[in-house]
Amino acid sequence: MNGTINALTRSLNVFHLAGSACNNCDIEILDALTPAYDLERFGITLVGSIRHADLLLVSGIFNRKAAIRAKEVLAQAPKPFLVVAIGGCPCTGLMFRDSYNWLRPPSDYMRIDAYVPGCPPKPEAIISAVVKVIEGLRSGALIPRCLQNDGTIPEDLAPGMADNA
Amino acid sequence: MKGNMVLLEFLFFPGLLFTAVAGLLTSWVDRKVTALVQMRVGPPLLQPFHDIRKLLYKETCVPEGGATGLFLLAPLLGLAGVTLASMILWRTLLNAEATFVGDLIVLIYLLVMPALAVMLGSFASRNPLASLGGSREVKLMIAYELPLVLAILVPVIHANSIRLGDLLSGQAPVLSLSGVLALLVCITCTQAKLTIVPFDMPEAETELSGGALIEYSGPPLAMFKLTRAMMLFTMPVLLVVLFFGGLVSGPGWLPPLIGFLLWFVLVAISIVIRNTTPRVRIDQAVRFFWGPVSIVAVLAVTLAWLGF
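Computed from a predicted structure; not experimentally measured. (Residues numbered from 1 in each chain as written. Chains lettered and ligands numbered in written order. Predicted model: local features only at pLDDT ≥ 70, side-chain atom pairs only at ≥ 80, totals over all residues.)

**Some details on the nonpolar core**
Then step 1. Core analysis: the largest hydrophobic core is formed by 92 residues, its most contacted members being L89(B), A151(B), A182(B), V185(B), V241(B) and A300(B).
Then step 2. Counting residues per element, this core draws most heavily on helix α11 (residues 218-244) of chain B, which supplies 19 residues.
Then step 3. Those residues in contact with V185(B), other than ones at most four positions away along the chain, are P147(B), A151(B), V293(B), V296(B), A297(B) and A300(B).
Then step 4. Counting residues in each nonpolar core, the second largest holds 43 residues, with L33(A), I50(A), A66(A) and C89(A) among its members. (Core = buried A, V, L, I, M, F, W, Y, C linked by C-beta atoms within 7 Å. Buried ≥ 20, exposed ≤ 12 C-beta atoms within 10 Å, placed from the backbone. Helix = DSSP H or I, 4+ residues; strand = E, 2+ residues; numbered from the N terminus. Contact = placed C-beta atoms within 7 Å.)

**Quick notes on the sheet that holds strand β4 (residues 82-86) of chain A**
Residues and elements named next belong to chain A.
Then step 1. Strand order in the open sheet made by the five strands is β2-β1-β3-β4-β5, with parallel pairing throughout. Pairing within the sheet leaves two strands with one partner each, and these edge strands are β2 (45-46) and β5 (114-116).
Then step 2. Looking at chain direction, strand β3 (residues 55-59) and β4 are connected through five bridges and run parallel. Bridge assignment links L56 to a residue of β4, and that residue is V83.
Then step 3. Against the sheet, helix α2 (residues 24-32) engages β1 (13-18), β3 and β4, with an angle of about 150° to β3. (Pairing = 2+ DSSP bridges. Axes fitted to C-alpha atoms, helices over the stretch in contact; angles between N-to-C directions.)

**Details of unusual backbone geometry**
Then step 1. The peptide bond linking C119(A) to P120(A) adopts the cis configuration, its omega dihedral lying at -10°.
Then step 2. With respect to the helices and strands, P120(A) occurs in the loop between β5 and α5 (123-139).
Then step 3. Each neighbour pair has its own omega, and for F13(B) with P14(B) the value is 0°, a cis peptide bond.
Then step 4. As for its placement among the helices and strands, P14(B) is situated in the loop between α1 (2-11) and α2 (16-37).
Then step 5. For R126(B), which is not glycine, the phi torsion reads 55° and is therefore positive.
Then step 6. Mapping R126(B) onto the fold places it in the loop between α6 (113-124) and α7 (128-159).

**What to know about the interface of chain B and chain A**
Then step 1. Contact with chain B, which involves 25 residues of that partner, is made by 19 residues of chain A.
Then step 2. Those elements that provide at least two residues to the side of chain B that touches chain A are α3 (47-57) and α11 of chain B.
Then step 3. For the side of chain B that touches chain A, the leading source of residues is α3(B), giving six residues.
Then step 4. Across the side of chain B that touches chain A, the residue classes tally to nine nonpolar, eight polar and eight charged. (Nonpolar A, V, L, I, M, F, W, Y, C, P; charged D, E, K, R; others polar.)

Below, the structure written as structure tokens:
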């Protein structure tokens, strides 16, 4: 475990990125950050700016317009950072999968490190996912995907879409 | 040789290293007490150190189209300012002979540097939210500097000297009516100078999402956080020196202990205010500082002049 990862796991600043979610996951994320769970014990705090973030919690299906913004926001995050998908929507699309505004799975254009299924997942599930991510980082089993260049990010989300975005 | 000594003092004790460690510990006290107020456990002792260390490993993002040089220079300016201020203060505290004429004025100017750095950095980042935060910082500074300087005049009038060393003579201005009023004004202004609630509009997390510091990441952000932590440590020390006649003057261990307790009380007052008040609007803050606070400050100066 190198110094970067060690430092990262001891002080995770969480940024919350809601991409046209139904709000239930967002409420559960905020629940997880309330004094009842007291994540500051582990150095986890909520930040308002993507530039201060280490851990991005994304929720929602990311429709055509939100996907472009999400990609832009992710490009602004300082490396190394982690992306955790919260809820069933970014995992499978759930019932929105066949909807007219469904673009493609977020994993196609975001490097997602972990998934937390559930509709919505409980705060305990979110915390457990973050703990697993931290353990994975510390044991070396998980390398932040933003540091890997596996070529899964397409330049163009959908041709011609940016014009009317 | 003397130059080397000054450089060592600036970098280690009582300059950068000492103030940084003390400041980060103070910010831990702040977070821990906040946690206890909210009935939770709170962060471990070394959490502020981990936060700074993590930021040093992060990438530095420079916004496109901004003033890159100024953007990267601003945090250094703030850090240098507060380090020098703390160094002058502690040199005088440890050795009252190390004072020079007008060092209090130099100190007041140096303590403006962190706010100035936030301002310059935010305007250099070419982010609309940051410039909004920066403009709020300007207004806030214009608002609180007048009563703060007026209140600092009270101990100067009491000691009849503008040198820090002469303020350490053991007499406490706070025992007089004008001293009490001036201390109250100073506590209020300190809250604004540290941009903590209720005067944290420049960084308002809910509306400006980080405000003035929104574009900063990595080491520059670490510098800003360090500067804030060091200010959180230095400002109460300055207040103890001004109003209680010094932390470590006199023989034996009792004066430093009492000085530390007074410092802790001032920090605790600041934390309790932070946890029990909501954020005010910028116009309310300006009205508050130029209205009641300035009037009380002028009253305190007048009383001190008349010998109360």
